[in-house]
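The residues making up each chain are set out below.
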Amino acid sequence: MSLPELSRRRLLQAGTAGALALAATGTLAGPASAADPDPYDTLRLRWVALLTGTGFDPAAEPFAGALRALGDRARAQQQTMAPAAGSLWPDLPLGSVSANITGSFVRLRTMALAWAQSGTGLSGDAALGAAVVAGLDHLVATAYTASATAYDNWWDWQIGSPQALLDAAVLVFPLLSAAQSASYGAAVDRSVPDSRVAAYSGTSTGANRVDLCRVLALRGVLGRSAAKLALASGALSPVFPFVLTGDGLYRDGSFVQHTWVPYTGSYGEVLLGGLSRLFALLAGSAWAVSDPQRQNVFDAVDAAYAPFLFNGLVMDAVSGRAISRGVQRSDLLKLQQDDHGRGHTIIGHVLRLAESGAAPAGQSAAWRAAVKGWIARDAYRPYLSDAAVDVPELARAQALLADGAVVAAPEPPGARVFGMDRAVVRRPGWAAAVSMCSARTTFYETGNGENLRGWHTNSGLLSWWNATSGNGQYSDAFWPTVDPYRLPGTTVSTKRLADAAGGAWGAARPDTVWAGGATDGRYAAVGQAVRGLSSTLSGRKSWFLLDDSVVCLGAGLSCADGVPVETVVDNRNLGAAGTHALTVDGVAQPATLGWSQQFTGARSVALAGFGGYVFPGGANVKALREARSGSWHDVNSGGTTDVLTRRYVTLWFDHGTDPVDASYAYLLLPGADAAATAARAAAPTVTILANSASVQAVSDAASGVVAANFHAAGSVGGITVSAPCSVLVREAGGVLTVSVADPARTVSAVQVTVDRPGYLSADPAQGVAVLAAGPPVRLLAELGGTQGASRTVTLRQVGSTAGGSAVLLSPVQDTYVRDGSYADANYGTASVLTVKETGTSGSGYSRRALLGFDTSALAGPVRRAVLWVHGAVADSGGTETDLQAFETGTAAWQETAATWNRCPAPGGALGTGRISSAADWVGLDVTAAVTAAPLLTLTVGQPAGRAGLAVNLNSRENAAFPPVLEVVTG
């Protein structure tokens, strides 16, 4: 199909800026006098603009060079294209490797860009345009056909190939006949039918769902299909709500893909990129994305993406197997993929989103300021000279940098702990990230031959950067050359592992649940119950994130692998020729490659240009300066085989072979020189209060922080807890702040006592009941269902707070009942309580639970009452549903006799809670129903009249996590 009023020459002369203007005014949809623009042409030209850019001079740098390079690539691809049976390019044979189909379409997309883009030397070239069309016809007729059976990798068929095909078709649209457009659409429909987005499951979730919607949207544009566009827009909606398990965005800023992998920097990038483009494409049209929950995505820019962006890079801690890609053999440009490149891509998405008009103006303005700061601070790889940044993104960035009205935002200070087993601290002079794993997250992800030696990347990896130095630490061939058994901050068994050990796609996960910690937003106490991949290693690790340091503790480290166990203090990449000075206790050490030494009782170590390390009380530390060589192919089967060499200084603790209850302690001081490090060792501000398998704790005189990770009930540093938890206390300026979290997610509520006098009142705080302001301060923190997030309360030395008491009551009886043909059946001895609302009567599938509590000993008014139940969705129909508590009559019942036909009826609705297929606590507010009585009955079900999902809850007969009634009186 072509447009008679819009010649190919006019499209090229107008450029993308002109195309957008034409699309906005509607002059592309038929006669110039038409009152309304054709919506499909408007969207098509808008997509062309998103692909080619607007508002730049193609003769000026950095655009001229980028466009010439694009033209050179397109020319080379045109010259080597040779349509034949079984291939379009000889080096990409078709028929068994699906990536070769995608690769062929990607080359055609590059050629189409060079044809549609000004300044490439091939703009509007007839031979090039004809070659693109011929190539598309060839692939759609012989490989990616309307009747093809998919083979090899599903992603190529459903995402990679159709996206590149549709982009190329839109770019050369004026050259296509209606029959050609239809044939391309039919090929896409074969691999990406509407049914691909019918259910939010499998490979149609998170970033993959956004990619599929992009295919459907462009299919709708090319095929002028309102139904396809409506489907694409509407099918984005499941991406927007926060999730409790599996793929997607979480309320605390976590982003997970492949169920077990923290993936903000890779799949999260794809999700943000796809959404920013689709929001921009569909804005103002009949198919604009209007779901109000899209605001979650806007908020995620600050909550999920910004915390991991630093000086233009995105931290490898959230990039999964992408860290291994480096330079790919298939990349004709041989551009290295690394943290700066991924960071630049995300920055481009944020700026595109800011200028799409989709988000609130205030947020968009803040994003522009943040982007300007990230770009301005990236001295390691300046954004505007990054060959991997596309022309449209270069144009937006250049315009932003030239806009004097936008003031670059500084790096925001603070500390964050994420439920996806990641923690980040940011200070004006540095930033650091901690990578952990648990039963909820993988040791590492491998797959498709990628990240073959990432075995220990989540065993406590502590990565860090200074504000003005070391920003290439992990960018400069780190992953192919670093010793994979000596990653910074990790504790590992040196047992040799095979490439891709443990299984693909995050299959290998530790059998422990403790990972995370407490934070008040400025400081954090972070901990991990470390386990070894294919190893017997076990132990406890903690990191306390302070103003100018990270305190690192390890305890209870035991192993029986028959090999040494090591904790790596650091492994600094010095680059290809670095000779950075190493100073130990004031003595400069040799800069000779191959030098090694064991230091006994070392107190301070400094590495020039990076930072320092303090060892409280002295420690035995090993050091090594070496050159290491490797290739990207060693860690990624698609990588180049070119041998790279980098120099390293490694510091580590050798715990010996098969250690029992080994420990370590050190402080990382980013940016500190030898003098500052020695001074801190001589006059420490940090005191280690405990470092055992049961509790690890520190106090910091400089900040007024006392922090502890309790793995059992206990006391340390004036803090007493009734159950395992993480606690951070800060006292400064007459204000006491207490933050509590449950990294293991096993506790419903914990009582915390802080021995601090002088506090009289507390600010209202969600999930925290202040039982006494002091002395001592007594709190009840509700931690169930928080997914490891912190509860924080602030106490002051003025005002007053009413005292109270709290009890946690176990049920004296419980059961569930079932309707229909089971209405006379009793389930009083079951270890689970099954509930489900079907919305129908007598089906036999509706179930509700009854729980009875002896509340006769309650005294005083009930301030708060929460019924805590633990369980998970167990239903093939979905992964999340609601639970609801109900007031229940006072009629007597017995758990071994109650049935649907013979039990008290549920009454008024009480609190609700959300539950998922990941077992967890759910708290239901039942305050209105709790009174002093010999038998208080509560019913748990689902909102009446609304079909839900089956949920299995632990009963009182279950040894693990039985129900609890929390009651606060006074």
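Residues numbered from 1 in each chain as written. Predicted model: local features only at pLDDT ≥ 70, side-chain atom pairs only at ≥ 80, totals over all residues. Heavy atoms only, no water.

Let us look at the overall build of the protein. In terms of regular secondary structure, the protein is built from 17 helices and 44 strands. In terms of overall dimensions, the protein is globule-like: its C-alpha atoms have a radius of gyration of 30 Å, near the 30 Å expected for 970 residues. Along the first, second and third principal axes, the C-alpha set of the protein runs to 90 × 80 × 55 Å. For the protein, buried positions account for 59% of its 970 residues. Look at the contacts in the protein between residues 6 or more apart in sequence, and 72% of them connect residues 24 or more apart. Distance between charge centroids for the protein: 2 Å, based on 69 positive and 74 negative side chains. (Helix = DSSP H or I, 4+ residues; strand = E, 2+ residues; numbered from the N terminus. Rg over C-alpha atoms; globule rule 2.2 N^0.38 Å. Buried < 20%, exposed > 50% of the residue type's maximum accessible area, 1.4 Å probe, protein only. Contact = heavy atoms within 4.5 Å. Lys, Arg positive; Asp, Glu negative; His and termini not counted. Charge placed at Lys NZ, Arg CZ, Asp CG, Glu CD.)

The topology assignment puts Leu574 in strand S15 (residues 564-575). Each C-alpha atom, one on Leu574 and one on Arg625, is 9.7 Å from the other, the two residues being 51 residues apart in sequence. Once residues within four sequence positions are removed from consideration, Leu574 is found in contact with His580, Leu607, Phe610, Arg625, Arg647, Tyr648 and Val649.

Here the focus is helix H2 (residues 39-52). The periodicity of an α-helix, 3.6 residues per turn, causes residues three or four positions apart to be oriented the same way. Between the first and last C-alpha of H2 there are 20 Å, a value that for 14 residues agrees with the 20 Å anticipated at 1.5 Å per step. Among the 14 residues that make up H2, 13 are buried, leaving the element largely enclosed by the rest of the structure. With a side-chain oxygen positioned 2.9 Å from the backbone nitrogen of Tyr40, the residue opening H2 is Asp38. Positive phi shows up at Gly53, right after H2, with a value of about 95°. (Expected span 1.5 Å × (residues − 1). Polar contact = N/O pair within 3.5 Å; in protein donor to acceptor, adjacent residues only side chain to side chain.)

Once that is clear, we can look at the pattern of salt bridges. Where charged atoms from two side chains of opposite charge come close, those side chains can pair. Evaluated as defined, the whole model comprises 42 salt bridges. Two residues, Arg381 and Asp338, come together in a salt bridge whose shortest N-O distance is 2.6 Å. You can see Arg381 sitting in the loop between helix H13 (361-377) and helix H14 (391-402) and its partner Asp338 sitting in the loop between strand S5 (313-314) and helix H12 (339-354), a full 43 residues away along the chain. Arg381 gets classed as buried once you look at its relative accessible area, which sits at 19%. Salt-bridge contacts for Arg956 lead to Glu957; the nearest nitrogen and oxygen are separated by 3.7 Å. Residue classification places Arg956 among the partly exposed positions, given a relative accessible area of 34%. (Salt bridge = Lys/Arg side-chain N within 4 Å of Asp/Glu carboxyl O.)

Turning our eyes to something else, we now look at the sheet that holds strand S26 (residues 719-721). Taken together, five strands build an open sheet; the order of strands is S25-S26-S29-S32-S31 and the sheet is antiparallel. Only two strands of the sheet have a single partner each, and these edge strands are strand S25 (714-716) and strand S31 (768-772). On average, adjacent strands in this sheet sit at an angle of 20° to one another, irrespective of strand direction. (Pairing = 2+ DSSP bridges. Axes fitted to C-alpha atoms, helices over the stretch in contact; angles between N-to-C directions.)

A few words now on the packing of aromatic side chains. Within this structure, the stated rule accounts for 24 aromatic pairs. In textbook terms, an aromatic cluster arises when at least three aromatic residues are bridged by ring pairs, as seen for Phe310, Trp465, Tyr474, Phe478, Trp479 and Tyr648. Geometry around Trp89 places Arg107 over its ring, the cationic atom sitting 5.3 Å from the centre. Looking at Arg818, its charged tip hangs above the ring of Tyr822, at a distance of 3.8 Å from the centre. (Phe/Tyr/Trp six-rings, centres within 6.5 Å; stacked < 30°, edge-to-face > 60°. Lys NZ or Arg CZ within 6 Å of the ring centre and 35° of its normal.)

Time to look at helix H7 (residues 178-191). Compared with an ideal rise of 1.5 Å per residue, which puts 14 residues at 20 Å, H7 spans 21 Å between its outermost C-alpha atoms and is within 8% of the ideal. The complete set of buried residues in H7 reads Gln180, Ser181, Tyr184, Gly185, Ala187, Val188 and Ser191. Viewed along the axis of H7, the buried residues span an arc of 155°, placing them on a single side of the element. Structurally, H7 contributes buried residues whose contacts are with helix H5 (126-142), helix H6 (154-171) and helix H8 (206-223). (Arc of directions from axis to C-beta.)

This paragraph deals with unusual backbone geometry. A cis geometry characterises the amide bond from Glu61 onward to Pro62, with omega recorded as 5°. Mapping Pro62 onto the fold places it in the loop between H2 and helix H3 (63-80). Located in the positive-phi region is His258, a residue other than glycine, with phi close to 60°. Within the element layout of this structure, His258 appears in the loop between strand S2 (255-257) and strand S3 (261-262).

Moving on, we get to the side chain of Asp700. Along the chain, Asp700 turns up in strand S23 (residues 695-700). The buried charged residue Asp700 lacks any salt bridge, with Arg680 as its nearest oppositely charged partner at 6.3 Å. Among residues more than four places away in sequence, those in contact with Asp700 are Leu546, Thr685, Val686 and Val705.

Read across the open sheet, the five strands follow the order S35-S37-S42-S39-S40; overall the sheet is antiparallel. Among the strands making up the open sheet, the edge pair consists of strand S35 (813-818) and strand S40 (906-916). Pairs of neighbouring strands in the sheet enclose a mean axial angle of 25°, with direction left out of account. Looking at chain direction, strand S39 (residues 880-888) and strand S42 (residues 936-941) are connected through four bridges and run antiparallel. Bridge assignment links Ala885 to a residue of S42, and that residue is Val940.

Before going further, it helps to spend a moment on the state of the cysteines. This model, assessed by the stated rule, comprises zero disulfides. Here Cys552 stays unpaired: no disulfide links it, and the sulfur of Cys437, its closest cysteine neighbor, is 17 Å away. (Disulfide = S-S within 2.5 Å.)

What follows concerns the pairing of strand S32 (residues 777-782). With five of six residues buried, S32 lies mostly within the body of the structure. The pairing of strand S29 (residues 749-754) with S32 spans six bridges and is classified as antiparallel. Along S32, the bridge assignment pairs Val752 with Leu779. If you look at the hairpin formed by S31 and S32, you'll find four residues sitting between the two strands, and Gly774 has a positive phi there, around 130°.

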